[in-house]
Amino acid sequence: MVTYIALILTALFWGLSFIGTKIALASFSPFVCVFLRFSLASLFFLFILWKKGLLKLDIKDHKEMFMLALFQPGLYFTFETIGLTYTSASEASIILGMVPLAVMILARFLLGENITPRNLIGIFLSIMGIGILVLGAPGFNPALGGSFFGDILIIGAVIAAAFYMVYARDLGKRFSAIQITGFQVIYGTVIFAPLFLIKVAQVQWSAVTWQSL
């Protein structure tokens, strides 16, 4: 029961983050926005990890945490952000709806998890629900118009998200959720720093709104 409640809350907060991100993107470019988000989160988690005495890891552990952050947020946000510049949001959302299926396949081969009929039914209902939301949208255009290159990048985001979920499950056996999330955010900030430095000069600071901040 606790697991299902945690997953529901994850979906809730993830959904709310899209609203905040949409408002923030009115003043900041995608990579600047992502870097600022993770920078603020890093300060929060550095304090929490320090208070709990969870900052000390050996070199091998740091490598694993960096690899986790490389998949999510690194590769996932990079593929998704760039992909959306080439393909439509509708087509991207349909492709991203394949994340559960990708996770199930990877978990089968990498973790040895069984694929049950209930899993298949859940995946089918998930994809069908996404299809209904997208196809039933008022402004939906049957000609999705996404380019092949953009679609490939979004598929890259799907694969990155799937590897992250499978990899995080294994790390969860040795580290606490606070440690995994904290170092994921900290290393995510490091990964996006170069892109931030490239894009920050383009920010019109005088036009930044309080709502975006």
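Residues numbered from 1 in each chain as written. Predicted model: local features only at pLDDT ≥ 70, side-chain atom pairs only at ≥ 80, totals over all residues. Heavy atoms only, no water.

Caption draft 1: Spotlight on the overall build of the chain. Along the backbone of the chain there are 8 helices and 0 strands. Helices (α) and strands (β) of the chain occur, in sequence order from the N terminus, as α-α-α-α-α-α-α-α. Its C-alpha atoms give the chain a radius of gyration of 18 Å, within 12% of the compact-globule value 17 Å for 213 residues. Reported as C-alpha extents along the three principal axes, the dimensions of the chain are approximately 55 × 50 × 30 Å. For the chain, buried positions account for 36% of its 213 residues. Within the chain, residue pairs in contact and separated by at least 24 positions form 87% of the contacts whose partners lie at least 6 positions apart. Surface accessibility of the chain: about 13200 Å² in total, with carbon and sulfur atoms responsible for 74%. (Helix = DSSP H or I, 4+ residues; strand = E, 2+ residues; numbered from the N terminus. Rg over C-alpha atoms; globule rule 2.2 N^0.38 Å. Buried < 20%, exposed > 50% of the residue type's maximum accessible area, 1.4 Å probe, protein only. Contact = heavy atoms within 4.5 Å. Areas by Shrake-Rupley, 256 points an atom, 1.4 Å probe, with all protein chains shown as cover.)

Caption draft 2: Summary view of the side chain of Ser27. Counting through the fold element by element, Ser27 comes out in the loop between helix 1 (2–24) and helix 2 (30–52). Within the structure, the side chain of Ser27 is placed 3.2 Å from the backbone nitrogen of Thr209, a separation counted as a polar contact. Excluding residues that lie within four positions of it along the chain, Ser27 makes contacts with Val203, Ala207, Val208, Thr209 and Ser212. (Polar contact = N/O pair within 3.5 Å; in protein donor to acceptor, adjacent residues only side chain to side chain.)

Caption draft 3: Seen up close, the environment of Gly182. Counting through the fold element by element, Gly182 comes out in helix 8 (residues 177–199). Given the relative accessible area of 0%, Gly182 is considered buried. Spatially, the C-alpha atoms of Gly182 and Met65 are 9.5 Å apart, while their sequence positions differ by 117 residues. When near neighbours in sequence (up to four residues on either side) are disregarded, Gly182 contacts Phe45 and Leu49.

Caption draft 4: Up close: the packing of aromatic side chains. Here the structure, examined in full by the defined rule, presents 12 aromatic pairs. Where Phe44 meets Phe45, the ring centres are 5.3 Å apart and the plane angle is 80 degrees; that geometry is what we call edge-to-face. An aromatic cluster of three or more residues is present, and its members are Phe31, Phe38, Tyr76, Phe77 and Phe192. (Phe/Tyr/Trp six-rings, centres within 6.5 Å; stacked < 30°, edge-to-face > 60°.)

Caption draft 5: Up close: a nonpolar patch on the surface. Together, Met1, Ile5, Leu9, Leu12, Phe13, Leu16, Ile19 and Ile23 make up a nonpolar patch on the protein surface, roughly 820 Å² of accessible area in all. Looking at the element boundaries, Leu12 is found in helix 1. (Patch = residues over 30% accessible without salt bridge, like charges linked within 9 Å, V, L, I, M, F, W, Y side chains within 5 Å. Salt bridge = Lys/Arg side-chain N within 4 Å of Asp/Glu carboxyl O.)

Caption draft 6: Region of the structure containing the environment of Phe163. Mapped onto the elements, Phe163 comes out in helix 7 (residues 148–171). For the pair Phe163 and Lys63, spaced 100 residues apart in the sequence, the C-alpha separation amounts to 16 Å. Not counting residues within four places of it along the chain, the set of residues in contact with Phe163 comprises Phe71, Leu106 and Leu110.

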